[in-house]
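So the chains spell out like this:
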Amino acid sequence: MFCPQLWLQPGPRLWTVFQHSTHKLASLHKATTLPPKKAQSLLYPFSDLEAYLDRSVDRTQFQLFHPSVEDMGKAEKLFCSSPSHKIHYYMSAERMDHAPAVKQPEVCFIGRSNVGKSSLIKALFSLTPEVEVRVSKTPGHTKKMNFFRVGKAFTIVDMPGYGHRAPKDFVDMVEPYLYTRKNLMRTFLLVDGSVGLQKADLIALEMCEEFRQPYVMVVTKIDKCGHGTLLKNLLHLQDVVRTQTTSCFPQPFLVSSLQFWGIYLLRCFIAHVTGNIKLMDSSQGPLTT
Ligand SMILES: Nc1nc2c(ncn2[C@@H]2O[C@H](COP(=O)(O)OP(=O)(O)OP(=O)(O)O)[C@@H](O)[C@H]2O)c(=O)[nH]1
Ligand SMILES: [Mg+2]
């Protein structure tokens, strides 16, 4: 399908394969010691795609949340466990009435089975590798709502996936949670970058709209897809967000949990929306989260 917004021109190879081990890249300090262009791609993955977009396309919406490296550094501290700030798996719940009563702000990750929810949480917690987050090649692996505590700062919830091999009680589990959870600050709805929005994703999007709670789109596995496919799927997603949603943050976040692309930015966004860091004014831009 021809997409006039895509201007595929010869240019730098989009996704450079990093020589460094991904574990080393878990820390912002290590990432910023890379050559500037590589560091930029890791921290702000959209910057790599820009070269392939026609000049007429407005980039603003893709970079509404564009914190400084200093802000990312502040956020990173929250993802490092210490005796006074313990990060740990807390508990699992099969039903909303089993969910722990916590006062802290909470964020949750939803999406089709196998889209990479657990892997993303694992990448966010990569500075605390003792926190066990189970991932699997087999869709439908996560069967319960898994709660992780990040000190007294916030909690993160890994949800079972919908679609293929979803747990039978998925709807009974997730809908009441999204509908009634008072401390839920943001829902992150994950979409696979190489396949784009699927029918099941559109149903999830409608469900999020119905609840009228703020939510954010995350495009996963961006290391797996060619730049043409990724841009086509991203622009389609943005179009849907612009024309069919009212509670969705206009900027989708691009991530690769394996290569750590976009993980630093997402950590900073989570720290920000849970009220744990104050961004420097200059880095905030026209942000309305
Ligand atoms: N290449 C690549 N593979 C990924 C990425 N994220 C996850 N995967 C792979 O995708 C598969 C599913 O990952 P999970 O994180 O378990 O997916 P999930 O959404 O939690 O799946 P369910 O729990 O079944 O709903 C695993 O084989 C991961 O290694 C990524 O960023 N890049
Ligand atoms: Mg999972």
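For the structure itself, consult the block above.
As the structure is a prediction and not an experimental result, all values here were calculated from the model.

Engineer: Help me understand the nonpolar core, please; the structure alone is not making it clear to me.
Structural biologist: Across soluble globular proteins, nonpolar side chains have a tendency to be buried as a group. With 76 residues, the main nonpolar core has L189, V218, V219, F253, V255 and L265 as its most contacted residues. Tallying contributions element by element places helix α9 (residues 263-273) first for this core, with nine residues.

Engineer: Before we go on, may I ask you to explain helix α2 (residues 36-43) in this structure?
Structural biologist: Note: α-helices contain 3.6 residues per turn, so residues at a spacing of three or four share the same orientation. Among the residues making up α2, those that are buried are S41, L42 and L43. At its buried positions, α2 is contacted by α1 (28-32), α3 (46-50), α4 (69-78) and α9.

Engineer: What am I meant to see in the sheet that holds strand β1 (residues 87-93) here?
Structural biologist: Across a sheet, strands are paired by hydrogen bonds formed along the backbone, either parallel or antiparallel in direction. Read from one edge of the open sheet, seven strands run β1-β3-β4-β2-β5-β6-β7, paired in mixed fashion. Every interior strand has two partners, whereas the edge strands, β1 and β7 (253-254), have only one. Relative to strand β3 (residues 145-150), β1 runs antiparallel, the two sharing six bridges. The residue bridging A93 from the neighbouring strand is M145, located in β3.

Engineer: What is the right way to read unusual backbone geometry from this model?
Structural biologist: Excluding glycine, a negative phi dihedral is what most residues carry, and trans is how most peptide bonds are arranged. Of note in this structure, N114 is not a glycine but carries a positive phi near 80 degrees. Structurally, N114 is set in the loop between β2 (106-111) and α5 (117-124). The backbone of K221 sits at a positive phi, close to 55 degrees, despite the residue not being glycine. When you line up the elements, K221 lands in the loop between β6 (215-220) and α8 (227-244). Judged by the 23 C-beta atoms lying within 10 Å of it, K221 falls in the buried class.

Engineer: So what exactly am I meant to see when it comes to α5 here?
Structural biologist: A large share of α5 lies buried, amounting to seven of its eight residues. Of the positions making up α5, those classed as buried are K117, S118, S119, L120, I121, A123 and L124. Elements that come into contact with the buried residues of α5 comprise β2, β3, β4 (154-158), β5 (184-192), β6 and α9.

Definitions and cut-offs
- Residues numbered from 1 in each chain as written.
- Chains lettered and ligands numbered in written order.
- Predicted model: local features only at pLDDT ≥ 70, side-chain atom pairs only at ≥ 80, totals over all residues.
- Core = buried A, V, L, I, M, F, W, Y, C linked by C-beta atoms within 7 Å.
- Buried ≥ 20, exposed ≤ 12 C-beta atoms within 10 Å, placed from the backbone.
- Helix = DSSP H or I, 4+ residues; strand = E, 2+ residues; numbered from the N terminus.
- Contact = placed C-beta atoms within 7 Å.
- Pairing = 2+ DSSP bridges.

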